[in-house]
Amino acid sequence: MTAEPMDRSRFPVDEWALRECRFDDADLGVTESLFSVGNGYLGLRGNYEESRDFHADGTFVNGFHETWPILHAEEAYGLARVGQSIVNVPDPKVIRLYVDDEPLQVSEADLLGYERVLDFRTGVLSRTLIWRTPSGKRVRVKSQRMVSFTQKHLAVMTMEVTLLDGRGPIQISSQLVNRQDRDLEHPSVESPSGTIADPRRASKFSRRVLVPQVSSIDEETGRIRLGYRSAESGMTIGTVVDHLLDPPDDVRIQAQMAEDEGKMIYRLQMEAGQTLTLTKLVSMHSAHHVPARELIDRAERTLDRVAEDGVGRLFTEQKEWLAEFWQRSDVEIPGHPELQQAIRWNLFALAQATARAETTGIPAKGLTGSGYGGHYFWDTEIYVLPFLTYTSPYAARNALRFRVSLLPAARRRAQELCQKGALFPWRTINGEEASAYYAAGTAQYHIDADISYGVSQYVSATGDVDFLCNEGIDILVETARLWADLGFWRQQNGRSTFHIHGVTGPDEYTTVVNDNTYTNVMARWNLQRAADAVEEVRRIDPEAYAQMVRRTGLRPEEVEEWQRAARGMAIPFDAAVGIHPQDSRFLDREMWDLEHTPDSVRPLLLHHHPLVIYRFQVLKQADVVLAAFLQSQDFTPEEKLADFSYYDPITTGDSTLSAVAQSIMAAEVGYQELAYEYFLKALYVDLANLHSNTADGVHVASLGGIWSTLASGFGGFRNLGDQRWTFDPRLPEEWEELSFRITLRGTRIKVTVRREEISFVVEEGTRPITLCVRGEEVTVGPDAPVSVALDGQGPVLEGTPPNPAGTMRADGTVISATVPRGE
């Protein structure tokens, strides 16, 4: 990607904001996602207040979902039974403006000025426009929108209207609307003729979802209340909206209330130079079994507290929260303002997806859209959790505690699949498996190892032995128990090896295979880490160990079995080709010729039957390459280079996750220019809508992956466990400097990479930390910064890896490359 990916005449460079200075309705869905605001619990899409120009109006509460029975064309035992989808909760964003009885609609308005800004330091979305009405009056409209990071259940909106000349009647209609069931009357546009429905999008309901429980309005106070129960899941939600008007004089007020809509209407005559400001405060509370009436009461108490403290305090607290966030999370690349802006947008969007997720998971689209149905995937632990672990450990702990809460359901799922231990769902909201297509869903058993990896990485970085001893150990035990039961032993050439069959790795273009390399590498690590953790808990907290044994029924012989299975794990390796095959029969397939595949039939999953894809060597995402990153110590430098070189040319990148792993490993093995290219693809995947589905919500895993490409790819950071933190930087040729922060055992360290050195400075904390830079151990402390000289930035390989088509197999046959066609 060499060309500027964004239209800078419309989105100018600003290192601390995403700024739009020209309205364009050609990509409303994309900008609605990009300009969303949220806090991990409550999210508001970036729809315009007038709610007249929109792609998909959306307001979401994390975890609030509806369920329905999954209807399979052909039934089979153990298939997922209950679908889950995030619900579009009552929308408080609507504030409609009329001047001389003419409505403001941005797409049709005569605009003399327009600017929309999402500020990364204040956490406020603002818009300013000057509208020349049909009667020739000029009106300045300023609006603000914020979802509070400090007040989990609270959002605030303002609209300021100034009549710049003339005089005339002004009307503002502020609304609270149930859009989820209004969508039944106004369905979204269906897929174009001849294409399939995109499986990445959420399912649509053909029936009412939100059953009314409370609807009332107070004209005198301007308070609107809507409470609902979700028809099938039984979840409840209460939404309350307050209104403050300045100035209130000579304003006529009218209240209107219906079952699914409340309106506060304000009318007045305005003179030139006069300004009217409306402040709208919103509180939402949700629950699994609490009556909606009680949730309304909670929301009212939240708003009453705001009335006592003052609205201004909300904006001050928001700015203070973000100042602390940037102190521990910022990544800086001096001299590259366009990259700096994109990086900070990614990190800010991560904060909006995770800050107050707390007792819920982190949806794949955050709360910016309904894509993937609001489900939680392995994305969290592998791509998002590293950022949280090293910058906001409390948020990482919350995400892992949510996984602990799903253990009972995971145990039931394992039993349903005739296994011991626990099998976490591939995609879920409530803990039950929601993936109807098992081949690319339930078969991805590697999610157990991914979650265990997240637990171990967090404990290693933080030293949180309390979490390990009382909660995390249960995950490690139950996942190891599943691997030991799932696999089996085989004797070959006098050697016993442990195999895992019938699984799918991260690459969903190759399914239900034997000995998937990624799965086996991660399972081997999982088994050994669980054995070590059991001994660690027994040693440091005997009482916690005894409690764990009572909870899990662990027997000593199980731990020995895990260790044996780890030592005997079969890891495919083909000596003739010189690589780790993605699975035991991967090299038997012929190769998909991606170089000659037209863009019109990509992504492959939307244009080819799964069986067509499964018959070829072609990857949705870099499977073995990801394993080489996560378990770096298990691969030699030569193996990493060979594996990357073989798989990179046959990886489609149809998954937004792929560019992250490819960038990190390209940097390590020496393809520096390619690493930078993949970094840019990941960095701009949403900002430039590179996968053409940002309208459904931003890609949260890719957001998290950006931090990993910077810290682990270019910064060369690895956590090898047991307090072994290493650095081997790969600074891009275009950059003079890169700095980022990592928090280890409570000590926050600023890492700065330059061409000639890497330096470490403690910004917060008192504990000295020992690090390793290219084999040299150094200790950095509060008053002891460290610099280590660098002899270059690692190996440098020109161009890209050659296409492996034509490689000879061990049996003497040659791997051919073709493009499957129907003619």
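The coordinates are above.
Notes on the structure in this doc start here. (Residues numbered from 1 in each chain as written. Predicted model: local features only at pLDDT ≥ 70, side-chain atom pairs only at ≥ 80, totals over all residues. Heavy atoms only, no water.)

For the protein chain, the count of helices and strands is 19 helices and 31 strands. A compact globule built from 823 residues would reach a C-alpha radius of gyration of about 28 Å, and the protein chain, at 27 Å, matches this within 12%. Principal-axis analysis of the C-alpha atoms gives the protein chain an extent of 95 × 70 × 55 Å. Of all 823 residues assigned to the protein chain, the portion counted as buried reaches 61%. For the protein chain, the share of sequence-separated contacts (at least 6 apart) that also reach a separation of at least 24 residues comes to 68%. (Helix = DSSP H or I, 4+ residues; strand = E, 2+ residues; numbered from the N terminus. Rg over C-alpha atoms; globule rule 2.2 N^0.38 Å. Buried < 20%, exposed > 50% of the residue type's maximum accessible area, 1.4 Å probe, protein only. Contact = heavy atoms within 4.5 Å.)

What follows concerns the pairing of strand β15 (residues 236–246). Each regular strand shows side chains that alternate between the opposite faces of the sheet. Within β15, nine of the 11 residues are buried, which leaves it mostly tucked inside the rest of the structure. Where strand β14 (residues 223–230) lies against β15, six bridges are found, and the strand directions are antiparallel. Looking across to β15, one finds that Arg225 is bridged to Val240. As consecutive antiparallel partners, β14 and β15 are separated by five residues, and within that stretch Gly234 has a phi angle of approximately 80 degrees, a positive value. In this sheet, strand β18 (residues 275–287) lies alongside β15 in antiparallel orientation, the contact comprising 11 bridges. (Pairing = 2+ DSSP bridges.)

Okay, the packing of aromatic side chains next. Overall, the coordinates contain 33 aromatic pairs when judged by the stated rule. Ring plane angle 85 degrees and centroid distance 5.1 Å describe the contact between Tyr390 and Phe717, whose orientation is recorded as edge-to-face. With Tyr390 in helix α6 (residues 379–391) and Phe717 in strand β23 (residues 717–719), the pair connects residues that are 327 residues apart, well separated along the chain. For the pair Tyr390 and Phe717, one class covers both residues: buried. (Phe/Tyr/Trp six-rings, centres within 6.5 Å; stacked < 30°, edge-to-face > 60°.)

This part is about the sheet that holds strand β1 (residues 17–20). Spatial strand order, β1-β8-β9-β10-β11-β18-β15-β14-β13: nine strands in an open sheet with antiparallel pairing. Strands at the two margins of the open sheet, each flanked by one partner only, are β1 and β13 (210–218). Pairs of neighbouring strands in the sheet enclose a mean axial angle of 10 degrees, with direction left out of account. The pairing of strand β10 (residues 138–147) with strand β11 (residues 154–163) spans nine bridges and is antiparallel. Opposite Gln144, over in β11, you have Thr158 as the bridge partner. Against the sheet, helix α3 (residues 292–309) engages β11, β13, β14, β15 and β18, with an angle of about 30 degrees to β15. Across the face of the sheet, helix α5 (residues 337–354) comes into contact with β1 and β8 (110–119) while running at roughly 110 degrees to β1. (Axes fitted to C-alpha atoms, helices over the stretch in contact; angles between N-to-C directions.)

As a further point, take the nonpolar core. Among the nonpolar cores identified, the biggest contains 223 residues, and Trp562 and Phe760 are the most heavily contacted of them. It is helix α10 (residues 465–486) that provides the largest number of residues to this core, a total of 12 residues. Setting aside its immediate chain neighbours within four residues, Phe760 contacts Phe727, Ile749, Lys750, Val751, Leu771, Val773, Val778, Val780, Pro785 and Val786. The next biggest cluster of nonpolar side chains, apart from the first, holds 13 residues, and it includes Val124, Met146, Ala299 and Leu314. (Core = buried A, V, L, I, M, F, W, Y, C linked by side-chain atoms within 4.5 Å.)

Turning our eyes to something else, we now look at the pairing of β10. Examined bridge by bridge, strand β9 (residues 125–132) and β10 share eight bridges and lie antiparallel to one another. Within β10, the residue paired with Trp131 across the bridge is Val139. Between the antiparallel neighbours β9 and β10 lie five residues, among them Gly136 with a positive phi of about 95 degrees. The turn joining β10 and β11, which pair antiparallel and follow one another in sequence, is formed by six residues.

Further remarks concern the environment of Phe760. If you trace the backbone, Phe760 turns up in strand β27 (residues 757–764). Along the chain, Phe760 and Gly553 lie 207 residues apart, while their C-alpha atoms are 45 Å from each other.

In the structure shown here, the tally under the stated rule is 69 salt bridges. The residue Arg344 makes a salt bridge to Asp330 at a minimum N-O spacing of 2.9 Å. You can see Arg344 sitting in helix α5 and its partner Asp330 sitting in the loop between α4 (311–329) and α5, a full 14 residues away along the chain. Taken individually, Arg344 and Asp330 each receive the classification buried, so the pair is uniform in this respect. Salt-bridge contacts for Glu471 lead to Arg401; the nearest nitrogen and oxygen are separated by 3.0 Å. (Salt bridge = Lys/Arg side-chain N within 4 Å of Asp/Glu carboxyl O.)

Read across the open sheet, the four strands follow the order β23-β24-β28-β29; overall the sheet is mixed. Looking at which strands have only one partner, the edges of the open sheet turn out to be β23 and β29 (776–780). On average, each strand axis in the sheet is inclined to that of its neighbour by 30 degrees, with strand direction left out of account. Sheet topology places strand β24 (residues 725–727) next to strand β28 (residues 769–773); two bridges connect them, and they run parallel. Counted as the bridge partner of Thr726 is Cys772 from β28.

Bringing the side chain of Ser452 into the picture now. Tracing the backbone through its elements, the reader meets Ser452 in helix α9 (residues 447–462). For Ser452, the residues in contact, after removing those within four places along its chain, are Ile475, Leu476, Thr479, Trp525 and Asn526.

It is the contact of α5 with helix α18 (residues 672–683), at a shortest axis distance of 10 Å, that shows an interaxial angle of 55 degrees. One way to sum up the angle between α5 and α18 is to call them oblique. Two secondary-structure elements touch here, α5 through Leu339, Ala342, Ile343 and Asn346 and α18 through Tyr676, Phe679, Leu680 and Leu683. In the contact of α5 with α18, the residues fall into seven nonpolar, one polar and no charged. (Parallel < 35°, antiparallel > 145°, perpendicular 65-115°, else oblique. Nonpolar A, V, L, I, M, F, W, Y, C, P; charged D, E, K, R; others polar.)

With 12 residues, helix α17 (residues 658–669) ought to run about 16 Å at 1.5 Å a step, and its terminal C-alpha atoms sit 17 Å apart, in line with that. In terms of burial, α17 is largely enclosed, as 12 of its 12 residues are buried. Listed as buried for α17 are Ser658, Ala659, Val660, Ala661, Gln662, Ser663, Ile664, Met665, Ala666, Ala667, Glu668 and Val669. The elements touched by buried residues of α17 are α6, α15 (623–630), α16 (637–647), α18, α19 (700–714) and β23. Just past α17, the residue Gly670 takes up positive phi, approximately 125 degrees. (Expected span 1.5 Å × (residues − 1).)

Phi is mostly negative for residues that are not glycine, and the peptide bonds are mostly trans. The omega angle of the peptide bond from Asp246 to Pro247 is -5 degrees, so this bond is cis rather than trans. Within the secondary structure layout, Pro247 lies in the loop between β15 and β16 (252–258). Geometrically, the link from Arg602 to Pro603 is a cis peptide bond, its omega value of 0 degrees lying close to zero. In this structure, Pro603 sits in the loop between β21 (590–592) and α14 (610–614). Phi at Val512 is positive, roughly 45 degrees, even though this residue is not glycine.

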